[in-house]
Amino acid sequence: MMVFAGSGSRQLTARICDYLHIPQGLNETLHFSDGNTFVRIQENVRGRRVYVVQSTVFPTNDNFVELLFWIDAFKRAGAESVTVVIPYFSYAKGDKKDEPRVSIRARVCADAIEVAGADRVVTMDLHAPQIQGFFHRPVDNLYALPTMCERIKALRLNNVVIVSPDVGFAKQARRYASCLGVSIAIADKERVAHDEKAEVLQIIGNVKDQTVVVVDDFLTSGGTLASVSEKLIEHGATEVYAAVTHGVLTGGSIERINRSPIRKLFITDTVENQPVQFSEKIEVISVAPLFAEAIKRIHNRESISEMFRY
């Protein structure tokens, strides 16, 4: 087993290797002045099973292309297999042709990863789970739910209700509610453009005099999360917390979160190289143990689904 880091996930990879009690693989990435990316493996990987960890965000396109170069480099260096660990797969949002003359971006990315030579893909909380079907190779979609629920339980909150920020995440929100033994409500929102803004129309379910925990797979501008939290307070919620797997926090997002009624926002460390400075409202929870356990189980040919029996 050899675990290597791409430049988008160096901190997470170090935590994964610490958990597995193995040294991190030696490699380097160089970025030239003309925009070209150069990758180099600095030790022998012939006949080894390699795991390369790389989130494809900040910067999205550069990190994705770098990932393809890593896959190719390991294959050409004689690795027995290359498992791609993508903590945050940014193009998962492009999972369908929902208007004329647009690309199904997730499918293009899946094809590129396979053509480069990946033998297996591991990711977390895919925005659209059906993307697993875009690949002809095995895809393991992990969930941050166990880690998030453990942190929420530690807060010892009273009268908790889990809220899904839209109908699309309702199924996963029910799993959070089941894990915590609480009820669920759903925010009905409408998005009419590609400007990352959505209007919250109503709250489906009772949140009056309840402590609300909003759960989601990712956030970018923070606008939807802020709007949902304000709507929940209007409907009588006493406190609002949020647990979001991928904190893709862009310019202005911290200010929106700080102005919102949210008391605490929990995100994971699937996204690094953040362009913003976190405020005291944001707490980062590591999912390195989940990825490390998945890597260990893949290496030992054991079941990964056993990790998520809840």
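Scroll up for the structure.
Residues numbered from 1 in each chain as written. Predicted model: local features only at pLDDT ≥ 70, side-chain atom pairs only at ≥ 80, totals over all residues. Heavy atoms only, no water.

Colleague: Before we go on, may I ask you to explain the overall build of the chain in this structure?
Modeller: Across its full length, the chain carries eight helices and 14 strands. Expressed along its principal axes, the backbone C-alpha trace of the chain runs to roughly 60 × 40 × 35 Å. Contacts spanning at least 24 positions in sequence make up 64% of the contacts within the chain whose residues lie at least 6 apart. Computed over 36 positive and 37 negative side-chain charges, the separation of the two mean positions in the chain equals 3 Å. (Helix = DSSP H or I, 4+ residues; strand = E, 2+ residues; numbered from the N terminus. Contact = heavy atoms within 4.5 Å. Lys, Arg positive; Asp, Glu negative; His and termini not counted. Charge placed at Lys NZ, Arg CZ, Asp CG, Glu CD.)

Colleague: What is the right way to read the pattern of salt bridges from this model?
Modeller: Enumeration according to the criterion identifies eleven salt bridges in this entry. A salt bridge links Lys75 to Asp119; its shortest N-O distance comes to 2.9 Å. Residue Lys75 is located in helix 2 (residues 60–76), and its partner Asp119 is located in the loop between helix 3 (105–116) and strand 6 (120–124); the two are separated by 44 residues in the primary sequence. Look at the salt bridges and you will find they share partners, linking Glu293, Lys296 and Arg297 into a network. (Salt bridge = Lys/Arg side-chain N within 4 Å of Asp/Glu carboxyl O.)

Colleague: For this particular structure, what's the right way to read the nonpolar core?
Modeller: It is characteristic of soluble globular proteins that their nonpolar side chains tend to be buried jointly. Of all hydrophobic cores here, the largest spans 41 residues; its most connected members are Ile16, Leu142, Ile162, Val213, Val215 and Phe291. By residue number, the principal contributor to this core is helix 8 (residues 288–299), which donates seven residues. Once residues within four sequence positions are removed from consideration, Ile162 is found in contact with Ala173, Tyr176, Ala177, Leu180, Val182, Ser183, Ile184, Ala185, Val213 and Val215. Core analysis: the next-biggest nonpolar cluster, separate from the first, contains 33 residues, Val52, Leu67, Ile71 and Ala118 among them. (Core = buried A, V, L, I, M, F, W, Y, C linked by side-chain atoms within 4.5 Å. Buried < 20%, exposed > 50% of the residue type's maximum accessible area, 1.4 Å probe, protein only.)

Colleague: How should the environment of Gly8 be read in this particular structure?
Modeller: Structurally, the position occupied by Gly8 is in the loop between strand 1 (2–5) and helix 1 (10–20). Residue Gly8 is classed as buried on the basis of its relative accessible area, which comes to 1%. Along the sequence, Gly8 and Asp62 sit 54 residues apart, while their C-alpha atoms lie 9.4 Å from each other. Those residues in contact with Gly8 that sit more than four places away from it in its chain are Gln54, Ser55, Asn63, Glu272 and Asn273.

Colleague: I'm lost on the environment of Leu145 in this one. Help?
Modeller: Within the secondary structure, Leu145 sits in helix 4 (residues 145–154). Judged by its relative accessible area of 1%, Leu145 falls in the buried class.

Colleague: Sorry if this is basic, but what is going on with helix 1 here?
Modeller: Count 3.6 residues to each turn of an α-helix, and residues three or four apart come out pointing the same way. Every buried residue of helix 1 is accounted for by Leu12, Thr13, Ile16, Cys17 and Leu20. The buried side chains of helix 1 occupy one side of the element, clustering within an arc of 135° when seen end-on. Looking at the buried positions of helix 1, the neighbouring elements they touch are strand 1, strand 4 (49–53) and helix 8. (Arc of directions from axis to C-beta.)

Colleague: Quick question: what am I supposed to make of the layout of surface pockets here?
Modeller: Taking a probe equal in size to a water molecule and rolling it over the atoms shows the remaining empty space. Roughly 160 Å³ of internal volume is contained in the second largest pocket. In terms of lining residues, the second largest pocket is bounded by Arg49, Val50, Tyr51, Ser81, Thr83, Asp119, Arg120, Arg297, Ile298, Arg301 and Glu302. Of all elements in the fold, only strand 4, strand 5 (81–86) and helix 8 reach the threshold of two or more residues within the lining of the second largest pocket. Across the lining of the second largest pocket, the residue classes tally to three nonpolar, two polar and six charged. (1 Å grid on protein atoms, 1.4 Å probe; cavity = no way out; pocket = protein on both sides within 12 Å on 5 of 7 lines; lining within 4 Å. Points joined across faces, edges and corners; volume = space filled by probe spheres on them. Nonpolar A, V, L, I, M, F, W, Y, C, P; charged D, E, K, R; others polar.)

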